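# Residue-level structural notes
Read off the chains here:
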Amino acid sequence: MAMVSRFAFFLLWISVLSSTTRSELVISRIDRRVDLSSHIVRALFSLKVENVGSNVVSEVLLAFPNMQAKNLAAIKTLYNEGRGKVKATSVSLPTTVVEPEGMPPELTFYSVSLPKGLEKGGTVSLDVLAVFTHSLQPFPEEITQADGQLVVYQDSAYYLSPYTVKVQTLGIRLPGGRVESYTKFPNAKLVDSEITYVAHELVREIEISHWGNVQITEHYNLVHGGAKTKGGFSRLDYQARSSIRGASSFNHLIFRLPPKAHSIYYRDEIGNISTSHFWGDSRKTQLEIEPRFPIFGGWKTSFTIGYGLPLQDFLFKVDGKRMLNITFGSPMDEVIVGNLIVKVVLPEGSNGISASVPFPTKQGEEIKYSHLDIVGRPVVVLEKSNVVPEHNLYFQVYYHFNNLSLLGEPMMLISGFFLLFVACIVYMHTDMSISKSSASYLAKIQLEEVQATVQQIQNIINQCLAVHDKLDASLRDLSRTGDVQSCKIARKTADAQLKELVKELKPLVTFLHHSPQASHIWPKVEELVAKEKDMQEKMFLKHSTVVDCFEKKLGGREIENRIASQQQKLAALRQEVDDLLEFLDEI
């Protein structure tokens, strides 16, 4: 977020000793325009240089005090040849650091190489753009949450040069707001504007996929470079009067992404952040994000944004090579990047790699491994410090890539699934069992036979218990209807069913009795069979007693007294049989 600031502006002047003045060239006029409307200071020098010497001159020296040179982020020189108002098309000239002899060590010199030698009496017009960072200093260095941001800028009132300067003008463009103080010189202007203070580190990862996408991932470590906030932060005051209590803070950032950007996300270490707004069409794409909290002076925040770009808009074929053509700097508006690392991740199998950047950078290479990679993906690493929007230029990465390499990962997936299916087929058709003649196999078969036999015995005992229940039900019907004949028929039917069940039970019991594998379970089975047999006898005895009582026409209370003891024994036996059946189930 932009924040209104107040300026204390000072101009200093430095003279150059006549002994260091170079007599070949004279600056007949220089117009300096310093733009302080942003935290990035841009100085534009328009020079008209004349050769008054006898020798041909091929370079022009530009001088900066060391205190300025250390903050010089970018410098660009444009050449305009001709006289009067007729000028040719501007051409960018090489501008490099030099160390000329006889110059004061407190100065840093840049050499501008002219496209052709400047002969005696000739003139040349140059436009020099110098971009400085960290030139606006917070004043004071610490403020409270409610204080406005005050900064100070210092510079020379006169142009510093090793050449004689005949005429010079200076224009200062200041941001809006109250100006505390400044050195008064003619033609100084105050222009309404705003200023921000941010500096951060940035890692940009550009990953190329020949399947049609360029994925951009940008990791930001952002610092508010203004005056540090002293005292505690009050969220209540900020919410109630943010324009006053948060005058020196910002709470949103603007990113101008390339056209057709898609799949945009914004997150931090906690997770996805939903406070973002996105606008896009075929010509431009804009992303506005809000950090989780307002950023005051000295505060830091870290976050990541990512987006995809169509491959055909940035990857081209040039002289048999692939060429990636994409911008270098941050898409954030008016930001200083203290240290920018750009990583270009190329497809696996790329070779013959080279990079072309329109300004000096530290270059290196590394390897990145991703899914289905074998030898890894080559990564071109470009690093530059003190990056400003003027560095957001296109750069190129060239490499060779065989289209057949695109089939590597699909073939790897196909091969993997094929081998998996073959392994499943082999497994399904392989006999993994133990040899049928081995002792362990025979013991296993015998144990399975024992388990099956025990299960059959349990089923027969349960059938016997069901017959007991039916016989008991016939007695209840007898007490209700008095039909003795039907009760006797039920007794006869139950007797026949139980005899059949006992006949089925006998060979099973005999098998368990003689099986070595059933030695641990045989006592319980034997007890179960004996208990059930005892239940049969007592159930028939109870049935006979009740029928006899009804034939003798005895009363209900008398009948209950005669079978009371039998009923108790039957209930106890039934509980024991149920317990044994449960025990066998657990085994």
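The protein is annotated in an unreviewed UniProt entry as Dolichyl-diphosphooligosaccharide--protein glycosyltransferase subunit 1 of Ensete ventricosum. Per UniProt, the comment on the protein under Subcellular location (unreviewed entry) is "Endoplasmic reticulum membrane". Quoted verbatim from the Pathway (unreviewed entry) field of the UniProt record, the comment on the protein reads "Protein modification; protein glycosylation."

What follows concerns the overall build of the protein. A tally of regular secondary structure across the protein gives eight helices and 31 strands. Counting all 587 residues of the protein, 42% fall into the buried class. A separation of at least 24 residues holds for 76% of the contacts in the protein among residues at least 6 apart in sequence. Of the accessible surface of the protein, which amounts to about 31900 Å², a share of 54% is contributed by carbon and sulfur atoms.

Taken together, the four strands give an open sheet; going across it, the order is β25-β26-β31-β28, and neighbouring strands pair in antiparallel fashion. Each edge of the open sheet carries a strand with a single partner, namely β25 (315-318) and β28 (351-356). The sheet shows a mean angle of 25 degrees between the axes of neighbouring strands, taken without regard to direction.

Let's shift gears to helix α5 (residues 439-481). The end-to-end C-alpha distance of α5, which contains 43 residues, comes to 63 Å, matching closely the 63 Å that a straight helix rising 1.5 Å per residue would cover. Positive backbone phi, approximately 75 degrees, marks Gly482, located one or two places after α5.

Before going further, it helps to spend a moment on the packing of aromatic side chains. By the definition in use, this model includes 12 aromatic pairs. Taking 5.8 Å as the distance between ring centres and 85 degrees as the angle between the ring planes, the aromatic pair formed by Phe328 and Phe395 counts as edge-to-face. Of the two residues, Phe328 is situated in the loop between β26 (321-327) and β27 (336-345) and Phe395 in strand β31 (residues 394-400); the sequence distance between them amounts to 67 residues. Ring pairs connect the aromatic residues Phe45, Phe64, Tyr110, Phe132 and Tyr159, which therefore count as one cluster. The residue whose ring lies beneath Lys524 is Phe583, and the NZ or CZ to ring-centre distance is 5.2 Å.

This brings us to the UniProt feature "coiled-coil region" (unreviewed entry) in the protein. The feature "coiled-coil region" (unreviewed entry), as given by UniProt, occupies residues 556-583 in the numbering adopted here. Secondary structure within residues 556-583 divides into 100% helix and 0% strand; the distance between the first and last C-alpha atoms comes to 39 Å.

Now for the layout of surface pockets. Approximately 630 Å³ is the volume attributed to the largest pocket. What lines the largest pocket is a set of 24 residues, and nearest its centre among them are Ala74, Ile75, Pro358, Phe359 and Pro360. Broken down by element, the lining of the largest pocket gets its largest block of residues, six residues, from strand β5 (residues 72-80). The class makeup of the residues in the lining of the largest pocket is 15 nonpolar, five polar and four charged.

Before going further, it helps to examine the sheet that holds strand β8 (residues 107-118). What the three strands build is an open sheet, ordered β4-β8-β7; its pairing is antiparallel. Looking at the sheet topology across the chains shown, the edges are occupied by β4 (57-65) and β7 (95-98). Averaged over all pairs of adjacent strands, the angle between strand axes in this sheet comes to 35 degrees, irrespective of strand direction. For β4 and β8, the ladder comprises eight bridges, and the chain directions are antiparallel. Bridging from a neighbouring strand, Leu62 pairs with Tyr110 of β8.

Bringing empty space enclosed by the protein into the picture now. Applying the stated criterion to the full structure yields two cavities of 30 Å³ or more. Within this model, the largest cavity holds a volume of roughly 120 Å³. In terms of lining, the largest cavity is formed by 15 residues, of which the most central are Arg32, Phe45, Phe64, Gln68 and Asp155. Contributions of two or more residues to the lining of the largest cavity are made by β2 (25-35), β3 (41-51), β4 and β12 (149-156). Of the residues in the lining of the largest cavity, the class split is 11 nonpolar, two polar and two charged.

Moving on, we come to helix α8 (residues 556-586). The end-to-end C-alpha separation of α8 is 43 Å, in line with the 45 Å expected for 31 residues at 1.5 Å each. Ile563 marks where α8 bends most, by close to 50 degrees. Of all the residues in α8, the buried ones are Ile559, Ile563, Gln566, Leu570, Leu573, Val577, Leu580, Leu581 and Leu584. As for α8, its buried residues are in contact with α5 and α7 (522-551).

Once that is clear, we can look at a nonpolar patch on the surface. Together, Leu372, Ile374, Val375, Met412, Leu413, Phe417, Leu420 and Phe421 line one region of the surface with nonpolar side chains, adding up to about 770 Å² of accessible area. Take Ile374: it is sitting in the loop between β29 (362-368) and β30 (377-387).

Ile206, Phe255, Phe303, Leu324, Val344 and Phe395 are the most contacted members of the largest nonpolar core, which totals 43 residues. If we ignore the near neighbours within four places in the chain, the residues touching Ile206 are Val214, Gln215, Ile216, Leu324, Ile326, Val342, Lys343, Val344, Val345 and Phe395. Ile27, Leu47, Val60 and Leu160 belong to the second-largest nonpolar core, a separate cluster that totals 41 residues.

What follows deals with a negative patch on the surface. Taken together, Asp579, Glu582, Asp585 and Glu586 make up a surface patch of like negative charges. With respect to the helices and strands, Glu582 occurs in helix α8.

Time to look at the pattern of salt bridges. Two side chains carrying opposite charge are able to pair once their charged atoms lie near each other. Summed over the entire model, instances satisfying the criterion amount to 21 salt bridges. Here Glu207 and Lys368 are joined by a salt bridge, their closest N and O atoms 3.5 Å apart. Of this pair, Glu207 sits in strand β17 (residues 199-209) while Lys368 sits in strand β29; the two residues are 161 residues apart in sequence, bridging distant segments of the chain. Take Lys368: its relative accessible area is 24%, and that puts it in the partly exposed class. Each of Glu205, Glu207, Lys368 and Arg377 takes part in a single network of salt bridges with overlapping partners.

Quick notes on the rules
- Residues numbered from 1 in each chain as written.
- Predicted model: local features only at pLDDT ≥ 70, side-chain atom pairs only at ≥ 80, totals over all residues.
- Heavy atoms only, no water.
- UniProt positions renumbered as here; feature names shortened; annotations may be inferred.
- Helix = DSSP H or I, 4+ residues; strand = E, 2+ residues; numbered from the N terminus.
- Buried < 20%, exposed > 50% of the residue type's maximum accessible area, 1.4 Å probe, protein only.
- Contact = heavy atoms within 4.5 Å.
- Areas by Shrake-Rupley, 256 points an atom, 1.4 Å probe, with all protein chains shown as cover.
- Pairing = 2+ DSSP bridges.
- Axes fitted to C-alpha atoms, helices over the stretch in contact; angles between N-to-C directions.
- Expected span 1.5 Å × (residues − 1).
- Phe/Tyr/Trp six-rings, centres within 6.5 Å; stacked < 30°, edge-to-face > 60°.
- Lys NZ or Arg CZ within 6 Å of the ring centre and 35° of its normal.
- 1 Å grid on protein atoms, 1.4 Å probe; cavity = no way out; pocket = protein on both sides within 12 Å on 5 of 7 lines; lining within 4 Å.
- Points joined across faces, edges and corners; volume = space filled by probe spheres on them.
- Nonpolar A, V, L, I, M, F, W, Y, C, P; charged D, E, K, R; others polar.
- Bend = angle between axes of the 7 residues up to and from the residue.
- Patch = residues over 30% accessible without salt bridge, like charges linked within 9 Å, V, L, I, M, F, W, Y side chains within 5 Å.
- Salt bridge = Lys/Arg side-chain N within 4 Å of Asp/Glu carboxyl O.
- Core = buried A, V, L, I, M, F, W, Y, C linked by side-chain atoms within 4.5 Å.
- Lys, Arg positive; Asp, Glu negative; His and termini not counted.
- Charge placed at Lys NZ, Arg CZ, Asp CG, Glu CD.

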